[in-house]
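Structural features, examined
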Amino acid sequence: MSGSIPALLALAALLQQGAEASRPNSAHLTPAESLARLDSAADLRVELVLSEPEVRQPISISFDERGRLWVVEYAQYPNPAGLKALSRDEYLRTVYDQVPPPPPHHFQGADRISIHADTDGDGRFDSHKTFVEGLSIVTSCARGSGGVWVLNPPYLLFYPDRDDDDVPDGDPEVRLAGFGLEDTHSVVNSLKFGPDGWLYAAQGSTVSAHVTVPGVKAEPVHSAGQLMWRYHPESRRYEVFAEGGGNAFCVEFDAQGRLFSGHNGQDARGFHYAQGGYFQKTFQKHGPLSNPYAFGWLPPMPHQKSPRFTHAFSIYEGDTFPAKYRGQLFAIETLFGRIVRAERLADGSTFRTRDLDHPLESRDDWFRPVDIQLGPDGALYIADFHEARIDHLAHHRGELARDTGRVYRLQAKDAPPLATFDLRRKSSDELAELLVTHPNRWFRQSALRLLGERRDGAALPRLIAALRDRRGQPALEALWAIHQIAGLDESLTLAALDHRDPHVRRWATRLAGDERRVSSAVAKKLAEIAATDPDAELRSQLASTARRLPPGDGLPIIRALLSRTADADDPRLPLLLWWGIEAHATAAREQALELFADRSVWSEPLVRRHVLERIMRRFARGGSRAELLACARLFDLSPDAEARKLLLAGFERAFEGREMPALPDELVQALGDAGGSLVLGVRRGDADAVAKALATIADADAPLAERLRLVRTFGEVDRPSSVATLSNLIGGGETQLAQAALSSLGRYGDERIPARVLAEFPRMPAVERSAAISLLASRAPFAHELLAAIDAGTVTADAVDSDAVLRMSRHADPRLKKAVLRHWRSAGGASSEELATQVAQQLAQFEEGTGDPYAGRPLFEASCAKCHRLFDEGGTIGPDLTGYRRDDVRGLVASVIDPSAEIREGFATQLAVTIDGRLVSGFLVERDERVVTLRGADGRDITLRRDEIDEMRAQKQSLMPEGLLRGYTPQQARDLFAYLRISQPLNRKRPSAIAPPTAPPDRKPSP
């Protein structure tokens, strides 16, 4: 017998999943009943501190300087009050009829901000009041600056409350405007003061923004979705701190002032942000980074594969949990109703994370944690939105329990209640002492904010002494407080840059650059430590700061950092350094090029591996005569053939999918001296290069990689003379070449193409046929010939996939549409009523028998694995299924039967119509100011120039076809879903102790 007894029992349980498929979610439980179903770690305990009717739909929680709990209640969600939805796209982004006015002239909504106090120190919140109500789509608030800051998109509002009576002194001030409302799952959120005195917030994935600063800046600051921004309350400056990140509903600062957010994707717990960095986005959904020359992005903190998602977390830096929890990450898993604990492990200038356990789990299906925050008592507080389902579609259908909500406290098992306190009553000297001594980060952060607001110089002597004489956290806290109270002068900045603690040096670097200018002495010191400092995080900040400074100050810092050989393997520094160079490449082009006048820089590993290709691509992509001459200058400066090869690769990459402009003579000469490039010659339209390239393609002895590269190049530029050579590759025996040729032939409307394709079709292997069908469906004349072949019986209708059928039906050709419907009557798709019936029928069939995941595996491999991965097996065309909540059988069945009902972000189909009538469909892989790349259902990428696209629009249909279960017996469907629901990979061989379920007599072989 192989395997352990527990493993075999777990596997046997899996075989019963089919019988449980129609189990509904649990009924709504009372607060006490829900609490009884919460299980915490043995050394922790969980308590219910708030529930309905005191709170409902809590989305954000925070504590004030008196220890009172502020709760933002999101009861108006998902639809803003008073607005009419005009349209909604495939991502559920909504266009409304107007921009709502700010309070007090706003449309009255159901949101409110409530305050809850423990008046006698017994650990119970016994006082409840409302600060403001009647708002609409309020996501967070933060106390400070003599009032309350409220994120009520499209506005950042400030409610003055100078007398601290919890009643606004008057109407709110609009401090920022222009935040998008398209999707209330991702609007701006999570206001929090940073250690530098700025307000920070996250902007989610599916909203836009054109932010204006009333009274300060007339021109809007454009902010694409997915970023972290900050706002300075006094100077009223707004800026994007870092671009990218997931659909974050979280802003978290650790004790050292690092900025983090959670992530709404699997395989990561969250992002660690670098100032000015470009981070991973859902590019297909939100478009490219704002900087077309970023040429890369930083990922979330590396993590082992895990169920998605943890969009918010708190780093435990309190003072009451057992020591093993200190510094660890407590993240909410909303879909799974639990808290996951992970550790942060150093990874160069950033971190990776590793899951440890689940310190809190619920057996109540309605437990939906959405926020988690450290409290003054050292406990973690958890906001429970308390819903049966958490998904966009259900909420937009009105499936919401609007009057429920809970807040829980997770604390050390024997922790006593915290006595009541009021930090407002402490002197500045007492706050300074608290700042440098208290073990709970919450108290230190609160004391820092109050000191910054008071600007009381009486605290400075104690703080300056702490900065100069103390180590570690006290010195860092003192630096922040000095900065907020009086600013750092040159002498203090220089002293901090020499401090023993690397976090003090890092923050001194950051604060020095925040004003975008430094003294000559500070600039010199920054360049010195760039060359010598041993701390990778500090070097990361130096790269970010160098980008903000004038080129005369920033470029010497970058030059020093480029000499740090070990950083060539750092996960962040190479890109941060490139962005520092690129920031000066236009306004200070000559100064940027002077970096490369130093021959020693060419030998630096950072330059060879990460900079040369990018700097050439940057100037080539810019395309102006001055920038093309800069390309020639780089070739002239290059000291050896290997460097010129790297530059040539960057120049080639700059024109992927693009026609080349006329080049200056100096650059033509430089390219020739560098060895030239056949691909570049083809892109330029050089007749000799085209002829040589076609000869190479036809040469069976030429390297396959070179032939493939040239075939794909002819698919990206218009060279009609290539059609005959490309056509000869069809049916030539080399499948890769044939597939690439079929894809490239799509660019050309040559009437000879369909005849050649159809003549070879009967002899093609399956993968080649898929590419052939895609080509024939792309143009109306080609599609007519395909339909004629079907009528003649030389091609079967079953050979045409649903994507091709859909594309043919969308050509502006009534005769073609009629012919398509004759062969495929379901080309328009099933009605919603029909699909709902199919879902109900499938769920009913689950009650009739048990599924076998081992029998389901080959069905998955045949029907799903081409596009989807499950436990590291399968394709990458569609979403990875591993992290989905696959125990939600109703949702899983609906997704398979009606895949277009809700399309995972980044996987919606786009349809591009070219000027010459070609239709290309797929999801967006890449787009910039010149080209668009789509990936089709066959997994191949097609690049189109923007100037050849007549129209591009998102489609409501998924690339995944309807009717996936057609032809399956009821038992096969049960087997497939049993496999889709496994919680861990199956052994390739069925353990002998586990017999397969008895199959009903009507079972047929797997398709």
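1. As for the overall build of the protein chain
The secondary structure content of the protein chain amounts to 33 helices and 35 strands. Taking all 1007 residues of the protein chain together, 59% fall into the buried category. Here the protein chain displays about 38,600 Å² of accessible surface, and carbon together with sulfur accounts for 51% of that area.

2. Topic: empty space enclosed by the protein
Under the defined criterion, the tally for this structure stands at 5 cavities of 30 Å³ or more. The calculated volume of the largest cavity comes to roughly 780 Å³. Lining the largest cavity are 47 residues, and of these S62, K192, F193, W442 and Q445 lie nearest its centre. Taken together, the elements giving at least two residues each to the lining of the largest cavity come down to strand 3 (58-63), strand 9 (140-144), strand 13 (189-193), strand 19 (252-253), strand 22 (313-315), strand 26 (369-374), helix 6 (441-454) and helix 8 (472-486). Looking at the lining of the largest cavity, the element that brings in the most residues is helix 6, giving 7 residues. Considering only enclosed or pocket space, the second largest cavity measures out at about 170 Å³ in volume. Of all elements in the fold, only strand 21 (270-273), helix 10 (502-513) and helix 12 (536-548) reach the threshold of two or more residues within the lining of the second largest cavity. Per element, the largest residue contribution to the lining of the second largest cavity is 4 residues, and it comes from helix 12. Per-class residue counts for the lining of the second largest cavity are 4 nonpolar, 7 polar and 5 charged.

3. Things to note about the sheet that holds strand 22
Spatially, the 5 strands line up as an open sheet ordered 1-25-24-23-22, and their pairing is antiparallel. Either end of the sheet is taken by a strand with one partner, and the two such strands are strand 1 (38-40) and strand 22. Adjacent strand axes in the sheet meet at a mean angle of 30°, parallel and antiparallel pairs treated alike. Note that strand 24 (residues 338-347) and strand 25 (residues 350-362) share 9 bridges and pair antiparallel. Along strand 25, the bridge assignment pairs R338 with E361.

4. Focus on the sheet that holds strand 17 (residues 227-231)
Read across the sheet, 4 strands follow the order 13-14-17-18 without closing on themselves; strand pairing throughout is antiparallel. The open sheet has two edge strands with one neighbour each: strand 13 and strand 18 (238-243). Taking each pair of neighbouring strands and ignoring which way they run, the sheet shows an average axis angle of 25°. Strand direction decides the pairing type here: strand 14 (residues 199-203) and strand 17, joined by 5 bridges, are antiparallel. Each bridged residue has a counterpart across the sheet, and for Q203 the counterpart in strand 17 is L227.

5. What to know about the nonpolar core
If you look at the biggest cluster of nonpolar residues, it comprises 175 residues, and the most contacted ones within it are F596 and F651. Aside from chain neighbours lying at most four places away, what touches F651 is M616, A620, C631, M660, L663, L667, L671 and L680. Formed by 50 residues, the second largest nonpolar core is a distinct cluster that contains L694, A741, L758 and A789.

6. Examining the pattern of salt bridges
Taken as a whole and judged by the stated rule, the model has 68 salt bridges. The residue D39 makes a salt bridge to R363 at a minimum N-O spacing of 2.8 Å. Of the two residues, D39 is situated in strand 1 and R363 in the loop between strand 25 and strand 26; the sequence distance between them amounts to 324 residues. Of the residues examined, D39 reaches a relative accessible area of 34% and is grouped as partly exposed. Between R539 and D567 there is a salt bridge, and its shortest N-O distance comes to 2.7 Å. Of this pair, R539 sits in helix 12 while D567 sits in the loop between helix 13 (551-562) and helix 14 (573-582), placing them 28 residues apart in sequence. The class of D567 is buried, set by a relative accessible area of 3%. Linked by salt bridges that have partners in common, E65, R143, D164, D422, R424, R425, R449 and E453 make up one network.

7. Here's the deal with helix 22 (residues 704-714)
Where helix 22 is concerned, the buried positions are R707, L708, L710, V711, T713 and F714. Residues of helix 22 that are buried in the fold lie against helix 20 (678-684), helix 21 (687-698), helix 23 (723-728) and helix 24 (735-745).

8. Digging into helix 10
In an α-helix, one full turn covers 3.6 residues, which means residues spaced three or four apart are oriented alike. Along its 12 residues, helix 10 runs 17 Å from first to last C-alpha, staying within 8% of the 16 Å computed at 1.5 Å per residue. Counting buried residues in helix 10 gives 11 out of 12 residues, a clear majority hidden from the surface. Where helix 10 is concerned, the buried positions are H503, V504, R505, R506, W507, A508, T509, R510, L511, A512 and G513. One side-chain oxygen at the N-terminal end of helix 10 lies 2.8 Å from the backbone nitrogen of H503; it belongs to D501.

9. Description of the packing of helix 17 (residues 625-637) against helix 18 (residues 641-654)
Helices that pack against each other are described as a pair by the angle of their axes relative to one another and the distance between those axes. Two elements in contact, helix 17 and helix 18, have axes whose closest approach is 9 Å; the angle formed by their N-to-C orientations is 160°. With respect to each other, helix 17 and helix 18 are oriented roughly antiparallel. Note that helix 17 runs across helix 18; the crossing there is left-handed. Facing helix 17, whose interface residues are C631, L634 and F635, helix 18 presents R644, L647, L648 and F651. When grouped by side-chain class, the residues that make up the contact of helix 17 with helix 18 number 6 nonpolar, no polar and 1 charged.

10. Some thoughts on the pairing of strand 13
Among the 5 residues in strand 13, 5 count as buried, and that is most of the element. Summarising the sheet, strand 13 and strand 14 pair through 3 bridges and their orientation is antiparallel. Paired with N189 across the two strands is A202, which belongs to strand 14. The hairpin formed by strand 13 and strand 14 contains 5 residues between the paired strands, and G197 there has a positive phi angle of roughly 90°.

11. Here's the deal with the packing of aromatic side chains
To describe a pair of aromatic rings, you give the distance between the ring centres and the angle between the ring planes. Taken as a whole and judged by the stated rule, the model has 32 aromatic pairs. Ring plane angle 75° and centroid distance 5.9 Å describe the contact between Y77 and F385, whose orientation is recorded as edge-to-face. Placement of the pair is Y77 in the loop between strand 4 (69-73) and strand 5 (85-88) and F385 in the loop between strand 27 (380-384) and helix 4 (392-396), with a sequence separation of 308 residues. Taken together, a centroid distance of 5.8 Å and an interplanar angle of 75° make the contact between F367 and Y408 edge-to-face. Pair noted here: F367 is in the loop between strand 25 and strand 26 and Y408 is in strand 28 (residues 406-412), with a separation of 41 residues, a long-range link.

12. Side note on the environment of D941
Counting through the fold element by element, D941 comes out in strand 34 (residues 941-945). The partly exposed category is assigned to D941, whose relative accessible area is 37%. Separated by 201 residues in sequence, D941 and A740 have C-alpha atoms that sit 9.9 Å apart. Setting aside chain neighbours within four positions, we find D941 in contact with S743, V925, T933, L934 and R935.

13. Thoughts on the pairing of strand 32 (residues 919-927)
In summary, the side chains of a regular strand alternate between the two faces of the sheet. In the sheet, strand 32 pairs with strand 33 (residues 931-935) via 4 bridges, with the strands oriented antiparallel. Looking at strand 33, one finds that L924 is bridged to L934.

14. Quick look at the confidence of the model for the protein chain
Overall, the prediction assigns the protein chain a mean pLDDT of 87, with 85% of residues at 70 or greater. Note that residues 1-25 has pLDDT below 50 and, in this model, 45 contacts with residues that lie over four places away or in other chains.

15. Details of the environment of A588
Within the secondary structure, A588 sits in the loop between helix 14 and helix 15 (589-594). Once the C-alpha coordinates of A588 and G552 are considered, the two residues, 36 residues apart in sequence, prove to be 9.2 Å apart.

16. As for the environment of A27
Summarising the element assignment, A27 is placed in the loop between helix 1 (5-14) and helix 2 (31-36). Separated by 339 residues in the primary sequence, A27 and W366 have C-alpha atoms spaced 8.4 Å apart.

17. Brief notes about unusual backbone geometry
For residues that are not glycine, phi is negative in most cases, and the peptide bond is trans in most cases. For the peptide bond that leads from Y77 to P78, omega is 10°, which places it in the cis range. Counting through the fold element by element, P78 comes out in the loop between strand 4 and strand 5.

18. Thoughts on the side chain of H503
Position of H503 relative to the elements: it lies in helix 10. Among the polar contacts made by the side chain of H503, one reaches the side chain of R506 at a distance of 3.2 Å. Setting aside residues up to four positions removed in sequence, H503 forms contacts with Q256, R258, L476 and E537.

Rules used throughout
Residues numbered from 1 in each chain as written. Predicted model: local features only at pLDDT ≥ 70, side-chain atom pairs only at ≥ 80, totals over all residues. Heavy atoms only, no water. Helix = DSSP H or I, 4+ residues; strand = E, 2+ residues; numbered from the N terminus. Buried < 20%, exposed > 50% of the residue type's maximum accessible area, 1.4 Å probe, protein only. Areas by Shrake-Rupley, 256 points an atom, 1.4 Å probe, with all protein chains shown as cover. 1 Å grid on protein atoms, 1.4 Å probe; cavity = no way out; pocket = protein on both sides within 12 Å on 5 of 7 lines; lining within 4 Å. Points joined across faces, edges and corners; volume = space filled by probe spheres on them. Nonpolar A, V, L, I, M, F, W, Y, C, P; charged D, E, K, R; others polar. Pairing = 2+ DSSP bridges. Axes fitted to C-alpha atoms, helices over the stretch in contact; angles between N-to-C directions. Core = buried A, V, L, I, M, F, W, Y, C linked by side-chain atoms within 4.5 Å. Contact = heavy atoms within 4.5 Å. Salt bridge = Lys/Arg side-chain N within 4 Å of Asp/Glu carboxyl O. Expected span 1.5 Å × (residues − 1). Polar contact = N/O pair within 3.5 Å; in protein donor to acceptor, adjacent residues only side chain to side chain. Parallel < 35°, antiparallel > 145°, perpendicular 65-115°, else oblique. Left-handed = near helix turned anticlockwise from the far one by under 90°. Phe/Tyr/Trp six-rings, centres within 6.5 Å; stacked < 30°, edge-to-face > 60°. pLDDT = per-residue confidence, 0-100.

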